[in-house]
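Structure at a glance
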Amino acid sequence: QVQLVESGGGLVQPGGSLRLSCAASGSIFNIYAMGWYRQAPGKQRELVAAITNGGSTNYADSVKGRFTISRDNAKNTVYLQMNSLKPEDTTVYYCNFGRVGVPPFWGQGTQVTVSS
């Protein structure tokens, strides 16, 4: 059974950086895009960044210029480099592997806390 394992979350001061990683265990196929979402308490899960198989990227307006998404297809891994972090970036981040015709895979979530 495929699992997405996230790592890299933690506590960082405002203006600092973190790099999230999400690796798939097991064989996967029909992945057309990988992405990162976040969900604050009481709010809907929102897209932070996504990257297609072709390398096209899409970012939420709130993170443009600060976050960078990348992927390593050989390792079935997606990364999120987060720079210039702000307190409002504090929440749980989830990775997502979109698949053709079936529900996507989701990671278990990793906490990011930006605080002095």
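Scope of this entry: the structure provided in the associated data block. (Residues numbered from 1 in each chain as written. Predicted model: local features only at pLDDT ≥ 70, side-chain atom pairs only at ≥ 80, totals over all residues. Heavy atoms only, no water.)

1. Quick word on the overall build of the protein chain
Our working rule: We count a stretch as a helix when DSSP gives it H or I for four or more residues in a row; a strand needs E for two or more, and each element gets its number in order from the N terminus. For a compact globule the rule gives 2.2 Å times the number of residues to the power 0.38, and the radius of gyration it is set against comes from C-alpha atoms. Here the open area of atoms and residues is found with the Shrake-Rupley method and a 1.4 Å probe, where only the protein chains shown may cover a residue. The charge count treats Lys and Arg as positive and Asp and Glu as negative. His and the chain ends do not count. The atom standing in for a charge is NZ when the residue is Lys, CZ when it is Arg, CG when it is Asp and CD when it is Glu.
The number of helices and strands found in the protein chain is 0 helices and 11 strands. From first element to last, N terminus to C terminus, the protein chain shows the α and β order β-β-β-β-β-β-β-β-β-β-β. Relative to the compact-globule value of 13 Å for 116 residues, the protein chain shows a C-alpha radius of gyration of 14 Å, a close match. With the principal axes as the frame, the protein chain shows a C-alpha extent of 40 × 25 × 25 Å. Carbon and sulfur atoms form 48% of the exposed surface of the protein chain, whose accessible area is close to 6200 Å². Once the 10 positive and 6 negative side-chain charges of the protein chain are each reduced to a mean point, those two points are 4 Å apart.

2. Points about the sheet that holds strand E1 (residues 3-7)
Defined as follows: Think of it this way: DSSP has to see at least two bridges between two strands before they count as a pair. Every axis in this analysis is a line fitted to C-alpha atoms, fitted for helices over the stretch in contact. Angles between the N-to-C directions lie between 0 and 180 degrees.
Strand order across the open sheet formed by 4 strands is E1-E3-E8-E7, with antiparallel pairing between neighbours. At either end of the open sheet lies a strand with only one pairing partner, and these are E1 and strand E7 (67-72). Within this sheet the neighbouring strands show an average axis-to-axis angle of 15 degrees, counted without direction. Pairing between E7 and strand E8 (residues 77-82): 6 bridges, direction antiparallel. Within the sheet, the bridge partner assigned to Ile69 lies in E8 and is Leu80.

3. So, the side chain of Thr91
Just so we agree on the cut-off: For the exposure calls, accessible area comes from a 1.4 Å probe over protein chains only, and a residue counts as buried if that area is under 20% of its type's maximum, exposed if over 50%, partly exposed in between. Counted as a polar contact is a pair of N or O atoms within 3.5 Å, where, for protein atoms, one must be capable of donating a hydrogen and the other of accepting one, and residues adjacent in sequence contribute only when both atoms are in side chains. Contact between two residues is taken to exist if any of their heavy atoms lie within 4.5 Å; hydrogens are not considered.
Following the sequence through the fold, Thr91 ends up in strand E9 (residues 91-99). Overall, Thr91 belongs to the buried group, its relative accessible area being 7%. A polar atom in the side chain of Thr91 sits 3.2 Å from the backbone nitrogen of Ala40. With residues near it in sequence (within four places) discarded, Thr91 still touches Arg38, Gln39, Ala40, Thr110, Gln111 and Val112.

4. Side note on the pairing of E9
On a regular strand, each side chain points to the face opposite its neighbour's, so the side chains alternate between the two faces of the sheet. Among the 9 residues that make up E9, 7 are buried, leaving the element largely enclosed by the rest of the structure. Across 8 bridges, the pairing between strand E4 (residues 31-39) and E9 is antiparallel. Paired with Ala33 across the bridge in E9 is Gly98. In the sheet, E9 pairs with strand E11 (residues 110-114) via 3 bridges, with the strands oriented antiparallel. Each bridged residue has a counterpart across the sheet, and for Val92 the counterpart in E11 is Gln111. Summarising the sheet, E9 and strand E10 (residues 105-106) pair through 2 bridges and their orientation is antiparallel. The residue bridging Phe97 from the neighbouring strand is Phe105, located in E10.

5. Digging into the state of the cysteines
Worth spelling out the cut-off: Throughout, disulfides are identified as pairs of cysteine sulfur atoms within 2.5 Å of each other.
Under the criterion given, the structure shown has 1 disulfide. One disulfide in the model links Cys22 with Cys95; its S-S distance is 2.0 Å. Between Cys22 and Cys95, the disulfide has an S-S torsion of 45 degrees and is therefore right-handed. Taken together, the residues Cys22 in strand E3 (residues 18-25) and Cys95 in strand E9 connect sequence positions 73 residues apart. A single burial state applies to Cys22 and to Cys95, both of which are buried.

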